[in-house]
Amino acid sequence: MLLNNDNVELSVIVPMYNEEPNIDYLFERLVSTLDRLKLKYEIVCVNDGSKDNTLKYLIEHHLRNPAIKVVNLSRNFGKEIALTAGLDYATGSAIVPIDADLQDPPELIEELVAKWREGYDVVYATRRLRQGESWLKRLTANGFYQVISQMSPVSIPRNTGDFRLLDRCVVDALKQLPERNRFMKGLFAWVGFNQTSILYDRPQRYKGVTKWNYWRLWNFAIDGITSFSLLPLKVWSYVGLTISVLSFLYASFLLVRTLILGIDVPGYASLMVALLFLGGVQLLSLGIIGEYLGRVYEEVKGRPLYLVKEYYGSTPESMNTYVLPQRGARNLDVDAMMRKSSET
Ligand code: UDP
Ligand code: MG
């Protein structure tokens, strides 16, 4: 594919946001694992707008080991988009996204590759334990998987992060999904193919802190649900129908009672209850329509998913700097890039 004509067999993608303290140890473990595998590999690191020295360290590693490639995004776009950028730049026949904080043990890649060689297209690594996570995180994570599995027609494997092996055919399929809202767990599941899993114990973060606070996780969950289920939108027809039927029954009752017993003025409580309840339901349903509408708006704007400032990787000896054409790397003008690289 792009920028690379030597046949890389395995691409490891590492999205990184402020991972300075983890980089050295990560590469140490990753490279020794990959060396053991005796495959032609590359490590595509996506610097997702880090504010520390992550980029500097990455470039140093790239200069020492040309198999380490660096995609520098123009700002922080979030993990899902960073991962998408990594997928666009990866050239291997098998691709493994991995976290930079060593919560996904690099040694496991050997097992993933073994399963891939058995003929599976997707091998995901499922967490046996969630060590070092608070009960609240575990509870909310469980709740989320429960809700999304009820709502969404594709089954999203539980307790599975983005750490998995994807065959080239799966990645090519993924790239055809044009949506801006990249809920990767769901997209990986949506494409299907021949899937299997291995189990592992997820250790704690090596250094640094997680970038996912609860607000971010909540939004992540809403993204997941809205992109994989229309249930929250559809349910309002049924809620509306039920309320209408109940209101009709109650209205008939009121009518008959008024005809028999005459008008009785008090009724403040029931009026208020009905008014507030209906107001609440309407606002809630409007809000949910808003969630979807906002996402439709995002899609329609058709902005590029990400912007790349620099790419370090095409030729080992010199550092080449490409500013990619717009629309992410989706519609790459490879010729123009070649021309640019021969000029420099
Ligand atoms: N990450 C990223 N962009 C972000 C947030 C996180 O590229 O905006 C990367 C981060 O550097 C790490 C991976 O995504 O490699 C997982 O992040 P983190 O460990 O914070 O998430 P958690 O393990 O707590 O789910
Ligand atoms: Mg982590």
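Above this text sits the structure in question.
A short tour of the structure in this document, coming up. (Residues numbered from 1 in each chain as written. Chains lettered and ligands numbered in written order. Predicted model: local features only at pLDDT ≥ 70, side-chain atom pairs only at ≥ 80, totals over all residues. Heavy atoms only, no water.)

## Points about unusual backbone geometry
In this structure, Leu102 takes a positive phi of about 65 degrees despite not being glycine. The topology assignment puts Leu102 in the loop between strand S4 (94–97) and helix H4 (109–118). Classification of Leu102 as buried rests on a relative accessible area of 3%. Although it is not a glycine, Phe193 adopts a positive phi angle of roughly 70 degrees. Note that Phe193 resides in the loop between helix H7 (184–190) and strand S7 (195–202). Judged by relative accessible area, Phe193 falls into the partly exposed class, the value being 39%. (Helix = DSSP H or I, 4+ residues; strand = E, 2+ residues; numbered from the N terminus. Buried < 20%, exposed > 50% of the residue type's maximum accessible area, 1.4 Å probe, protein only.)

## Describing the site of ligand 1
Near ligand 1 you find 18 residues, and of these Glu19, Asp48, Asp101, Gln103 and Thr210 are the closest. The backbone of Tyr17 places a nitrogen or oxygen atom 2.9 Å from an oxygen atom of ligand 1. The side chain of Asp101 places a nitrogen or oxygen atom 2.6 Å from an oxygen atom of ligand 1. Against a free-state accessible area of 530 Å², the protein chains account for coverage of 93% of ligand 1. Its residues assigned to classes, the shell around ligand 1 shows five nonpolar, four polar and nine charged. (Near = heavy atom within 4 Å. Polar contact = N/O pair within 3.5 Å; in protein donor to acceptor, adjacent residues only side chain to side chain. Areas by Shrake-Rupley, 256 points an atom, 1.4 Å probe, with all protein chains shown as cover. Nonpolar A, V, L, I, M, F, W, Y, C, P; charged D, E, K, R; others polar.)

## Let's talk about the pairing of strand S6 (residues 160–167)
S6 sits mainly inside the fold: eight of its eight residues count as buried. Here S4 pairs with S6 via two bridges, running antiparallel. Across the sheet, Ile95 pairs through a bridge with Leu166, a residue of S6. (Pairing = 2+ DSSP bridges.)

## Re the pattern of salt bridges
Scanning all chains against the criterion turns up eleven salt bridges. The salt bridge involving Asp172 is made with Arg168; its shortest N-O contact spans 3.2 Å. With a gap of four residues between them, Asp172 and Arg168 both fall in helix H6 (residues 168–175), about one helical turn apart. Taking the relative accessible area as the measure of exposure, Asp172 reaches 34% and is therefore partly exposed. On the basis of relative accessibility, which here comes to 16%, the residue Arg168 falls in the buried class. The partner of Arg295 in a salt bridge is Asp223, with the nearest N and O atoms 2.6 Å apart. One end of the pair, Arg295, is in helix H10 (residues 268–301); the other, Asp223, is in helix H8 (residues 214–228), and 72 residues separate them in sequence. (Salt bridge = Lys/Arg side-chain N within 4 Å of Asp/Glu carboxyl O.)

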